[in-house]
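Structural features, examined
Residue-level listing of the chains:
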Amino acid sequence: FALPALLPMISPDLHLTDFQGALLTSGYSYLYALALVPVGLLADKLDRPKLLAVGLMLWSTLSIVSSGAKSFGDLLITRTGFAIAQAAQNPVSFSLIPDLFPANKSTALAGYNCAIYLGRALSFASLLAAHRVSAASKIPGGKIPAVGTMAEAAAGNAGDDSVALSMVPLDALDLQRMSIIYTAGDMAAVTPLYNYNF
């Protein structure tokens, strides 16, 4: 799930076009959706825990392999395999969890579904942290840039690498310069808009 967020950083290195970026993200989603049907049928016929283990092993391996991709073709092959391998997750989990927790099916399924979104949030948070560390490696002395102030973010005076996440009053938002992550009361957590140069 981190690839869409990583795309702006890896596109220049791999010389990806907009179409190729779309194929890597949207194409993955379509292939994943198509793979759910045959993998779901396999989940009805095979040992579900073993199928899930094989899927987990494959998608973990392909995730590692994709980190060394040197071209669009490399990334496309690993993303294709990743979509098919990850298709084992939901059919197996949605049938296995009620069997494992017969008295608390709804609670167990709710926990599973929440864990998916928590994992995605952690994925994006680790990506943001990696970007900040990467930005620090480009600064003499290697110091990680400080998080900017609300006033800098609201005024748009902070450079791209100086503001990771700031709280800004809702009435001071400039959506031309910042993206809303979440709101809390009359404040919004924002990040600067980056120019991805696609």
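Everything below is about the structure shown above.
Calculation notes
Residues numbered from 1 in each chain as written. Predicted model: local features only at pLDDT ≥ 70, side-chain atom pairs only at ≥ 80, totals over all residues. Heavy atoms only, no water. Helix = DSSP H or I, 4+ residues; strand = E, 2+ residues; numbered from the N terminus. Buried < 20%, exposed > 50% of the residue type's maximum accessible area, 1.4 Å probe, protein only. Contact = heavy atoms within 4.5 Å. Areas by Shrake-Rupley, 256 points an atom, 1.4 Å probe, with all protein chains shown as cover. Phe/Tyr/Trp six-rings, centres within 6.5 Å; stacked < 30°, edge-to-face > 60°. Lys NZ or Arg CZ within 6 Å of the ring centre and 35° of its normal. Axes fitted to C-alpha atoms, helices over the stretch in contact; angles between N-to-C directions. Parallel < 35°, antiparallel > 145°, perpendicular 65-115°, else oblique. Nonpolar A, V, L, I, M, F, W, Y, C, P; charged D, E, K, R; others polar.

Let us look at the overall build of the chain. For the chain, the helix and strand inventory stands at seven helices and three strands. Its helices and strands in sequence order give the chain the pattern α-α-α-α-α-α-α-β-β-β, from N to C terminus. In the chain, which comprises 198 residues, the share counted as buried stands at 31%. Of all intrachain contacts in the chain linking residues separated by at least 6 positions in sequence, the fraction that spans at least 24 positions is 48%. In the form shown here, the chain has an accessible surface area of approximately 11,900 Å², with 66% of it arising from carbon and sulfur atoms.

For the rest of this paragraph, the subject is the packing of aromatic side chains. Throughout the structure, instances matching the rule amount to three aromatic pairs. Here the aromatic residues Y28, Y32 and F82 are joined through ring pairs into a cluster of three or more. Lying across the ring of Y28, R79 places its NZ or CZ 4.2 Å from the centre.

Phi is positive for H15, close to 55°, though the residue is something other than glycine. Position of H15 among the secondary structure elements: in the loop between α1 (3–14) and α2 (18–45). Residue classification places H15 among the exposed positions, given a relative accessible area of 65%.

Turning to the packing of α2 against helix α5 (residues 89–100), a few remarks are in order. One way to put it is that α2 packs onto α5 with a least axis distance of 8 Å and a crossing angle of 45°. Here α2 lies oblique to α5, going by the angle between them. Here Y32, L36, G40 and A43 of α2 come into contact with α5, specifically with N90, P91 and V92. Class assignment of the residues belonging to the contact of α2 with α5 gives a composition of five nonpolar, two polar and no charged.

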